[in-house]
Amino acid sequence: MNTAPVPSDGTPGQPPAPGTSSARRHVLVLGGTAEARRLAAELVGWARPGLRVTSSLAGRVASPRLPPGEVRVGGFGGTAGLTRWLREHRVDALIDATHPFAGTIGFHAAEAAAHAHVPLLALRRPGWVPGPGDDWHSVASLAEAAEELPALGERVFLTTGRMGLAAFAHLDGLWFLARSVDPPEPPHPARMEVVLDRGPFTLDGERDLLRRHRIDVVVTKDSGGPATAAKLTAAREAGIPVVVVRRPPTPEGVPSAPDPAGAARWLRDVLG
């Protein structure tokens, strides 16, 4: 799948013709997060002639929330494909605003930016930090989270997304409540109820969910940000342990910003 809405030169999915104003400055935002949408909205609203903003979505969600500006959906084909796209579409700056657990895209972005000689920034929301009263169990992977669960509880609230449910499929002695945007596919736990929803979530809503389903342990990735943090407060109030999957490693030497405002400041400096 490729591009919606139509790019500024009027040709869907094609780079602008040489000499057009849209060819002067082109920003590619690797998105899919709330921060990426806010950044795209701010950049599209800039009173800057010739600024072209393209957001790229992985396509893992059936009905994603589309950001303003141009949008492309689907993978690039690894480092080589992204390098080629940056060159063919004359990208002047690349911002990796993907999810902290998006996998290898951050490394592909770093390698492609270096090959194409394009400035790169990572937009990364800060991770969560435990506070007084929190009972957090830090693990390195979903597999380690599954190993921890039998000793912590019997009714599990899984907030790790539908793609990782296979790691818990063998835990037949536990009951799971899994929350995801789209319906999950097997393999997944046999004793599982699914709630389809997307953040932001309210504290009252999370309190009610934990109470109604008699949850006694929560599993989450360290996604950071306020949109899904209410479950942590609700778990702390209820004295429920939380298994937190640590973030994967990121490329070294890539400058970063914690929020869209910081990313916009970096871009202003880069574009001059």
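For the structure, see preceding data.
Within every chain, residues take consecutive numbers counted from 1 along the sequence as written. This being a predicted model, a pLDDT of at least 70 is required before a residue's local features are given, and a value of 80 or more before pairs of side-chain atoms are given or counted; all residues contribute to the totals for chains, interfaces and linings. Neither water nor hydrogens contribute to the side-chain values; these are computed over all heavy atoms in the structure.

Trainee: Give me the lowdown on the overall build of the chain, citing residues and values where you can.
Mentor: Counting secondary structure elements, the chain contains seven helices and 12 strands. It is over C-alpha atoms that the radius of gyration is taken, and the globule rule equals 2.2 Å times the number of residues to the power 0.38. Rg of the C-alpha trace for the chain: 20 Å, near the compact-globule value of 19 Å for 272 residues, within the 12% margin. Principal axes of the C-alpha set define a box for the chain whose edges measure 65 × 35 × 30 Å. Any residue under 20% of the maximum accessible area for its type is buried, any over 50% is exposed, and the rest in between are partly exposed; the area is computed with a 1.4 Å probe on protein chains only. Sorting the 272 residues of the chain into buried and exposed places 47% on the buried side. Here, two residues are considered to be in contact whenever any of their heavy atoms come within 4.5 Å of each other. Taking contacts inside the chain between residues at least 6 apart in sequence as the whole, the part at least 24 apart equals 69%. Shrake-Rupley sampling with a 1.4 Å probe provides the accessible areas, and residues are treated as covered by the protein chains on show and by no other component. Total accessible area on the chain stands at roughly 12,900 Å², and carbon and sulfur atoms take up 54% of it. For the chain, the centre of its 30 positive side-chain charges and the centre of its 28 negative side-chain charges are spaced 6 Å apart. Strands are runs of DSSP state E lasting at least two residues, helices are runs of H or I lasting at least four, and both sets are numbered from the N terminus onward. In this tally, Asp and Glu contribute negative charge and Lys and Arg positive charge; neither His nor the terminal groups of the chain are included. Charge coordinates come from a single atom per side chain, which is NZ of Lys, CZ of Arg, CG of Asp or CD of Glu.

Trainee: Quick rundown of helix α2 (residues 78-88)? Include the residues and the values.
Mentor: Within α2 the residues assigned to the buried category are Thr79, Gly81, Leu82, Thr83, Trp85 and Leu86. Each element contacted by the buried residues of α2 is listed here: β1 (25-30), β2 (51-57), β3 (70-73), β4 (93-96) and α3 (105-116). Two residues or fewer past α2, Arg90 is found with a positive phi of approximately 50°.

Trainee: Quick one: what's the story with the sheet that holds β2, residue by residue and with numbers?
Mentor: Two strands qualify as a pair provided that DSSP identifies no fewer than 2 bridges between them. One open sheet accounts for six strands, arranged β3-β2-β1-β4-β5-β12; its pairing is parallel. The sheet terminates laterally at β3 and β12 (256-257), the two strands that pair on one side only. One ladder, built from three bridges, connects β4 with strand β5 (residues 120-123); its direction is parallel. Paired with Ile95 across the bridge in β5 is Leu121. Axes here mean lines fitted to C-alpha atoms, for a helix over just the part in contact, with angles spanning 0 to 180 degrees between N-to-C directions. In the packing of α2 onto the sheet, the strands contacted are β1, β2, β3 and β4, and the crossing angle to β1 comes to about 155°.

Trainee: Which residues make up empty space enclosed by the protein, and what values go with them?
Mentor: Definitions used throughout: a 1 Å grid over protein atoms alone; a cavity as a set of points that fits a 1.4 Å probe which cannot get out; a pocket as an open set with protein on both sides within 12 Å along at least five of seven lines; a lining residue as one with an atom within 4 Å of a point. Grid points are joined across faces, edges and corners, and a volume is the space filled by probe spheres set on the points. For the structure on display, the rule yields five cavities of 30 Å³ or more. Approximately 80 Å³ is the volume attributed to the largest cavity. Looking at the largest cavity, it is lined by 13 residues, and the ones nearest its centre are Pro100, Gly103, Gly106, Arg124 and Thr250. Classification used: nonpolar for Ala, Val, Leu, Ile, Met, Phe, Trp, Tyr, Cys and Pro, charged for Asp, Glu, Lys and Arg, polar for all others including Gly. Across the lining of the largest cavity, the residue classes tally to seven nonpolar, five polar and one charged. Considered as a void within the structure, the second largest cavity measures approximately 50 Å³ in volume. Across the lining of the second largest cavity, the residue classes tally to three nonpolar, three polar and three charged.

Trainee: Please set out the pairing of β1 residue by residue, giving values where relevant.
Mentor: Within a regular beta strand, the side chains point alternately toward one face of the sheet and then the other, so they alternate between its two faces. In terms of burial, β1 is largely enclosed, as five of its six residues are buried. In the sheet, β1 pairs with β2 via six bridges, with the strands oriented parallel. Bridge pairing in β2 places His26 opposite Arg52. As paired elements, β1 and β4 share four bridges and run parallel to each other. Across the sheet, the residue bridging to Val27 is Ala93, located in β4.

Trainee: If you had to explain the sheet that holds strand β9 (residues 192-196) to someone new, which residues and values would you point to?
Mentor: Two modes of strand pairing occur in sheets, parallel and antiparallel, and in both the strands are linked by backbone hydrogen bonds. If you walk across this open sheet you meet the six strands as β6-β11-β10-β7-β8-β9, and the pairing is parallel. Looking along the sheet, the strands with just one partner apiece sit at the ends: β6 (136-139) and β9. Taken over all neighbouring pairs, the strand axes of this sheet differ in orientation by 20° on average, direction set aside. Looking at chain direction, strand β8 (residues 175-180) and β9 are connected through five bridges and run parallel. Paired with Ser180 across the bridge in β9 is Leu196.

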